[in-house]
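In case you want the letters, here they are:
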Amino acid sequence: FFFKQKTAYEIPKRDWSSDVCSSDLRKNGFAIALEEMESGLVAIAAPVRNSHQDVIAALVVSGPAFRITKDRIKEISNLVIRAAQKISTNVGAA
C-alpha cells in the first residue's frame, strides 16, 4: 500500500519496530516523539505500572517544539518519569 509521511521527522512504517521502541523505553524509562506525529509537536511519555509490573497506562506531556526543546528533554523526561512512578505506586506497584 502507499504510505505518506505526515512530517519530515516521522519514522516510516517499514522502518518502525516495536522491538526497537520498547528497548529504548526500557533503557531510558521514557519514550519521546520529536515532531514525528505532527510538525511542531513534541511528546514525552513514561509507563504507569500495576503491582505485577504490567504497563497499564502512560503519562504523556506534550507541547510545542519551541517550548520542549532538545535542551529541556532530560529535565522534562525526569519529571514525567517521577510522576509516572508516583502514580504507579498509588495503584499498587512496588
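Coordinates for the structure precede this section.
Figured I'd write up the structure that's included with this text. (Residues numbered from 1 in each chain as written. Predicted model: local features only at pLDDT ≥ 70, side-chain atom pairs only at ≥ 80, totals over all residues. Heavy atoms only, no water.)

1. A short note on the layout of surface pockets
What counts, and what does not: The definitions used throughout rest on a 1 Å grid laid over the protein atoms alone, on which a cavity is an enclosed set of points accommodating a 1.4 Å probe that cannot get out and a pocket is an open set flanked by protein within 12 Å on both sides along at least five of seven lines; lining residues are those having an atom within 4 Å of a point. Grid points are joined across faces, edges and corners, and a volume is the space filled by probe spheres set on the points. Counting from the N terminus, the helices are DSSP H or I runs at least four residues long and the strands are E runs at least two residues long. Gly falls in the polar group here, along with every residue not listed as nonpolar (Ala, Val, Leu, Ile, Met, Phe, Trp, Tyr, Cys, Pro) or charged (Asp, Glu, Lys, Arg).
Here the second largest pocket is characterised by a volume of approximately 200 Å³. Residue lining of the second largest pocket: 14 residues in total, with Pro-47, Arg-49, Ile-81, Gln-85 and Ser-88 positioned closest to the centre. When contributions to the lining of the second largest pocket are tallied by element, the ones reaching two or more residues are helix H1 (18-28), strand S2 (41-49) and helix H2 (73-90). With five residues, the top contributor of residues to the lining of the second largest pocket is H2. In the lining of the second largest pocket, the residues fall into seven nonpolar, five polar and two charged.

2. Side note on the nonpolar core
What counts here: By convention a nonpolar core is built from buried Ala, Val, Leu, Ile, Met, Phe, Trp, Tyr and Cys residues, the set being connected through side-chain atoms within 4.5 Å. Summary of the burial criterion: residues with accessible area below 20% of their type's maximum are buried, those above 50% are exposed, and those between are partly exposed, where the area comes from a 1.4 Å probe applied to protein chains only. The contact rule is simple, with two residues in contact once any of their heavy atoms fall within 4.5 Å.
In this structure, Phe-30, Val-42, Ile-44, Ala-46, Val-48, Ile-68, Ile-73, Ile-76, Val-80, Ile-81 and Ala-84 together form the largest nonpolar core, which totals 11 residues. At the level of secondary structure, the elements contributing two or more residues to this core comprise S2 and H2. Per-element tally for this core: the top contributor is H2, with five residues. Those residues in contact with Val-48, other than ones at most four positions away along the chain, are Asp-54, Val-55, Ile-56, Ala-57, Ala-58, Leu-59, Ala-84, Ile-87 and Ser-88.

3. What about the pattern of salt bridges?
The condition that has to hold: The term salt bridge refers to a pairing of a side-chain nitrogen on Lys or Arg with a carboxyl oxygen on Asp or Glu at a separation within 4 Å.
Scanning all chains against the criterion turns up one salt bridge. The residue Arg-72 makes a salt bridge to Glu-75 at a minimum N-O spacing of 3.3 Å. The partly exposed category is assigned to Arg-72, whose relative accessible area is 35%.

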